[in-house]
Amino acid sequence: MARLVRERLLSFFDGAENAAENPDPLLDVVHQYPEEAAWFIKVVMFFGSISGVVISIPCGLFLTMYWGPCGLCNRPLRYWILVHCVLQLLQAPVRLVFFLRLCHIQRLNGNIQECVRHLTHSAAWRTSKVVSIVTYGWFILGVVWLLNSTYCKPCPGLYRLSLAVIFAAVARLLMTLIVFYHSFPPRFQNQPPPKPRGASQELIDSMPLVVYSPEVRGDSETSCAVCLSEFDRDAVLRRLPCGHSFHRGCIDKWLKRNKVCPLCLQDIEVPQSPKGRWGKEKAN
Ligand SMILES: [Zn+2]
Ligand SMILES: [Zn+2]
């Protein structure tokens, strides 16, 4: 009998057979950032299971003591707390198993991705997801009931307890968001990529200046790509490491905002293979 229960439990938490179908979005995160994801999942699972149990104990005690008087209140908050606690307790074992398995696999230096893949394809995980959705719906209902409840003389503690349960749930959600924010690099949080930085005056001054002369330059660049006007004879140009030249005034203004060549987008700080003084190699 005990063996059968054990086998049933093991298959409940193991999704090896149907691993190919319905990939969980969690897997993408784990694939990209296995270490960060493992830490995030562990924290969320651990606090999720612990907080569920911790909240359910005082609620259970309160309800057994005041179940009768609480029935006289104008909103069925006693049922709300009861169901909320049951939903939390239902999820606690799955969260705890998830947490323990991740700890185990990390201790063995095993494949975190494979471990999460197995767990997210298990019947336990799918059941837990359904329970989560029900929990959110039930939570909203509780908030509505609480907002509409009036002072309950026979059972004044019920209102305060419901409020505390709701605050605890909100606090857990906030904690999850904070842990997520701190666990993953900014790129994953869909933040825009950092803006290109401008160059310092010192860096701009280190780029060589040349005096334009059509005879020497031959048929290479004859106009400035920033202002689109032709170079005049004896115009002072600044030559970038990529070999492109522009009016000194035009390119200096540009580089202060964006330290890449406006023509080829080459970063001016990235070392380049040396080009000829007049950039003639480009033409060859
Ligand atoms: Zn120009
Ligand atoms: Zn260039």
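Only a predicted model underlies this, so the values are computations on that prediction, with no experimental measurement involved.

Student: Whenever I open this one, the nonpolar core confuses me. Can you help?
Tutor: For soluble globular proteins, the rule of thumb is that nonpolar side chains tend to be buried together. In this structure, V30, I41, F98, L102, I112 and V116 are the most contacted members of the largest nonpolar core, which totals 24 residues. Looking at this core, the elements with two or more residues in it are α2 (25-32), α3 (34-70), α4 (77-107) and α5 (112-120). Counting 22 residues, the second largest nonpolar core, distinct from the first, contains L63, L77, F139 and C152.

Student: What should I look at first to understand the pairing of strand β2 (residues 236-239) in this one?
Tutor: Of the pairings in the sheet, the one linking strand β1 (residues 209-211) to β2 comprises 3 bridges and is antiparallel in character. Directly across from V211, in β2, lies its bridge partner V236. Relative to strand β3 (residues 245-247), β2 runs antiparallel, the two sharing 3 bridges. Within β3, the residue paired with R238 across the bridge is F246. Hairpin geometry of β2 and β3 is characterised by an intervening segment of 5 residues between the two adjacent antiparallel strands and by a positive phi of about 105° at G243.

Student: What is the right way to read the coordination of the zinc ion (ligand 1) from this model?
Tutor: For a metal bound by four donors in a tetrahedral arrangement, the ideal donor-metal-donor angle is 109.5 degrees, while six donors in an octahedral arrangement ideally sit at 90 or 180 degrees. For the zinc ion (ligand 1), the full set of protein donor atoms is C224 (SG), C227 (SG), H247 (ND1) and C250 (SG), at a range of 2.2 to 2.3 Å. Because the angles between the 4 donor atoms bound to the zinc ion (ligand 1) fall within 93 to 120°, the donor set is best described as tetrahedral.

Student: Help me understand the packing of aromatic side chains in this model?
Tutor: The description of an aromatic ring pair uses the distance of the two centres, along with the angle that the planes make with each other. Scanning the model with the defined rule gives 8 aromatic pairs in all. Between F46 and F47 the ring centres are 5.6 Å apart and the planes differ by 85°, which places this aromatic pair in the edge-to-face class. Judged by relative accessible area, F47 falls into the partly exposed class, the value being 39%. Judged by centre distance (4.9 Å) and plane angle (45°), the rings of F46 and F99 are tilted.

Cut-offs used in this document
- Residues numbered from 1 in each chain as written.
- Chains lettered and ligands numbered in written order.
- Predicted model: local features only at pLDDT ≥ 70, side-chain atom pairs only at ≥ 80, totals over all residues.
- Heavy atoms only, no water.
- Core = buried A, V, L, I, M, F, W, Y, C linked by side-chain atoms within 4.5 Å.
- Buried < 20%, exposed > 50% of the residue type's maximum accessible area, 1.4 Å probe, protein only.
- Helix = DSSP H or I, 4+ residues; strand = E, 2+ residues; numbered from the N terminus.
- Pairing = 2+ DSSP bridges.
- Donors = N, O, S within 2.8 Å, 3.2 Å for Na, K, Ca; no water.
- Tetrahedral: all angles 85-135°; square planar, octahedral: opposite > 155°, others 65-115°.
- Phe/Tyr/Trp six-rings, centres within 6.5 Å; stacked < 30°, edge-to-face > 60°.

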